[in-house]
Amino acid sequence: PGAQAAHIIPVPAGATRVAVALAWTDHAAPAGTARALVNDLDLVLEQGPSQRLPWRLRPHRDSLAFPPERAPNRLDNLEQATWEGPAPGSLSLRV
């Protein structure tokens, strides 16, 4: 619990978008628990002082009626983060 890993992603000059996804197989949560995920991994992209959180649907009964938002995802075992117009160099992918 609480462990982190970081990976460097090279960003070539002229790159217009970086997209990364993180997926994992999770154990079934015990019946009646409030959280669906046993192992809640968090994906964050960083470049200098800026960061991008993963996309998620809003936790609302009609979530498809709203655009996705960037926020920690506590419900799914698949997360995707994107970076539009990254500066050349590298991005740090932190899990």
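Please refer to the structure placed before this passage.
Since the structure is predicted, the reported quantities are computational estimates derived from the model, not experimental observations.

1. A look at the packing of aromatic side chains
Stage number 1. Taken as a whole and assessed by the stated rule, the structure comprises 0 aromatic pairs.
Stage number 2. It is Arg52 that lies over the ring of Trp83; its NZ or CZ is 3.9 Å from the centre.

2. As for the environment of Val44
Stage number 1. Along the chain, Val44 turns up in strand 3 (residues 44-47).
Stage number 2. Here the alpha-carbon distance between Val44 and Pro72, two residues 28 residues apart in the chain, equals 8.8 Å.
Stage number 3. Sequence-distant contacts of Val44, that is, excluding residues within four places in its chain, are made with Gln51, Arg52, Leu53, Ser92, Leu93 and Arg94.

3. Focus on the sheet that holds strand 1 (residues 6-11)
Stage number 1. Strand order in the open sheet formed by 4 strands is 1-8-3-4, with antiparallel pairing between adjacent strands. Each edge of the open sheet is held by one strand with a lone partner, namely strand 1 and strand 4 (50-52). When the angles between neighbouring strand axes are averaged without regard to direction, this sheet yields 30 degrees.
Stage number 2. Direction of pairing for strand 3 relative to strand 8 (residues 89-94): antiparallel, over a ladder of 3 bridges.

4. Here's the deal with the pairing of strand 8
Stage number 1. For strand 1 and strand 8, the ladder comprises 6 bridges, and the chain directions are antiparallel. Looking at strand 8, one finds that Pro10 is bridged to Ser90.

5. Quick look at the side chain of Asn73
Stage number 1. With respect to the helices and strands, Asn73 occurs in the loop between strand 6 (69-70) and strand 7 (78-84).
Stage number 2. Under the relative-accessibility criterion, Asn73 is labelled buried at 2%.
Stage number 3. Of the polar contacts made by the side chain of Asn73, one reaches the side chain of Asp76; its length is 3.0 Å.

6. Here's the deal with the pattern of salt bridges
Stage number 1. This model, assessed by the stated rule, comprises 7 salt bridges.
Stage number 2. A salt bridge links Glu69 to Arg56; its shortest N-O distance comes to 3.0 Å. Of this pair, Glu69 sits in strand 6 while Arg56 sits in strand 5 (residues 55-56), placing them 13 residues apart in sequence.
Stage number 3. A relative accessible area of 22% places Glu69 in the partly exposed class.
Stage number 4. A single network of salt bridges, built from pairs that share partners, joins Arg35, Asp40, Asp42 and Arg74.

Criteria and cut-off values
- Residues numbered from 1 in each chain as written.
- Predicted model: local features only at pLDDT ≥ 70, side-chain atom pairs only at ≥ 80, totals over all residues.
- Heavy atoms only, no water.
- Phe/Tyr/Trp six-rings, centres within 6.5 Å; stacked < 30°, edge-to-face > 60°.
- Lys NZ or Arg CZ within 6 Å of the ring centre and 35° of its normal.
- Helix = DSSP H or I, 4+ residues; strand = E, 2+ residues; numbered from the N terminus.
- Contact = heavy atoms within 4.5 Å.
- Pairing = 2+ DSSP bridges.
- Axes fitted to C-alpha atoms, helices over the stretch in contact; angles between N-to-C directions.
- Buried < 20%, exposed > 50% of the residue type's maximum accessible area, 1.4 Å probe, protein only.
- Polar contact = N/O pair within 3.5 Å; in protein donor to acceptor, adjacent residues only side chain to side chain.
- Salt bridge = Lys/Arg side-chain N within 4 Å of Asp/Glu carboxyl O.

Distances and angles like these do not, on their own, reveal function.
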